Amino acid sequence: QVQLVESGGGLVQAGGSLRLSCVASRSIFSLNAIRWYRQAPGELREFVASITSDGSTNYADSVKGRFTISRDNAKNTVDLQMNSLKPGDTAVYFCSTDLYQKVTMTWRNYWGQGTQVTVSS
């Protein structure tokens, strides 16, 4: 089992910055890649960024050059630094990961509850 808790959302003007955090209830070394997704009202949830246990990162084209994902293994935290925010970045942001289940030999997917980011024009 793993619990994920996001924080750091809020209201910011266009061009501003926010830093989101995702704290895991267990060592993030034991987890698969940790990913950030977002979901705007009436839209499908979309991938934003991911980071693997060895630090490899991947970003959606829409956020490349503006968002940076990082991890702090000692704090079991994955952060998403968001700069140059646009109104189109308004969404609920979720973190997600997978934990290997030894009994079933499968990966189980986990999600946090999300944090709201609102960017005003």
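Residues numbered from 1 in each chain as written. Predicted model: local features only at pLDDT ≥ 70, side-chain atom pairs only at ≥ 80, totals over all residues. Heavy atoms only, no water.

The next thing to look at is the pattern of salt bridges. The full count for this structure, using the stated rule, is six salt bridges. Residues Arg19 and Asp79 are paired through a salt bridge, measuring 3.1 Å at the closest nitrogen-oxygen approach. Here Asp79 lies in strand β8 (residues 77–82) and Arg19 lies in strand β3 (residues 18–24), a separation of 60 residues in the sequence. Across the pair Asp98 and Arg35 runs a salt bridge, and its minimum N-O distance is 3.0 Å. Separated by 63 residues along the polypeptide, Asp98 in strand β9 (residues 91–101) and Arg35 in strand β4 (residues 34–39) bring together distant segments of the chain. (Salt bridge = Lys/Arg side-chain N within 4 Å of Asp/Glu carboxyl O. Helix = DSSP H or I, 4+ residues; strand = E, 2+ residues; numbered from the N terminus.)

Moving on, we get to the sheet that holds β8. One open sheet holds the four strands; their spatial order is β1-β3-β8-β7, and the pairing between them is antiparallel. Each of the sheet's edge strands pairs with one partner strand only, and the pair in question is β1 (4–7) and β7 (67–72). Across the sheet, the axes of successive neighbouring strands diverge by a mean angle of 15°, strand direction being ignored. Note: β7 against β8, six bridges, orientation antiparallel. (Pairing = 2+ DSSP bridges. Axes fitted to C-alpha atoms, helices over the stretch in contact; angles between N-to-C directions.)

Let's shift gears to the state of the cysteines. The final tally for this structure, using the stated rule, is one disulfide. Through a disulfide, Cys22 is tied to Cys95; the S-S separation comes to 2.1 Å. Linking Cys22 and Cys95, the disulfide has an S-S dihedral of approximately 65° and is accordingly described as right-handed. Within this pair, whereas Cys22 is found in strand β3, its partner Cys95 is found in strand β9, the two being separated by 73 residues in sequence. Across the pair, Cys95 and Cys22 agree in class, each one buried. (Disulfide = S-S within 2.5 Å. Buried < 20%, exposed > 50% of the residue type's maximum accessible area, 1.4 Å probe, protein only.)

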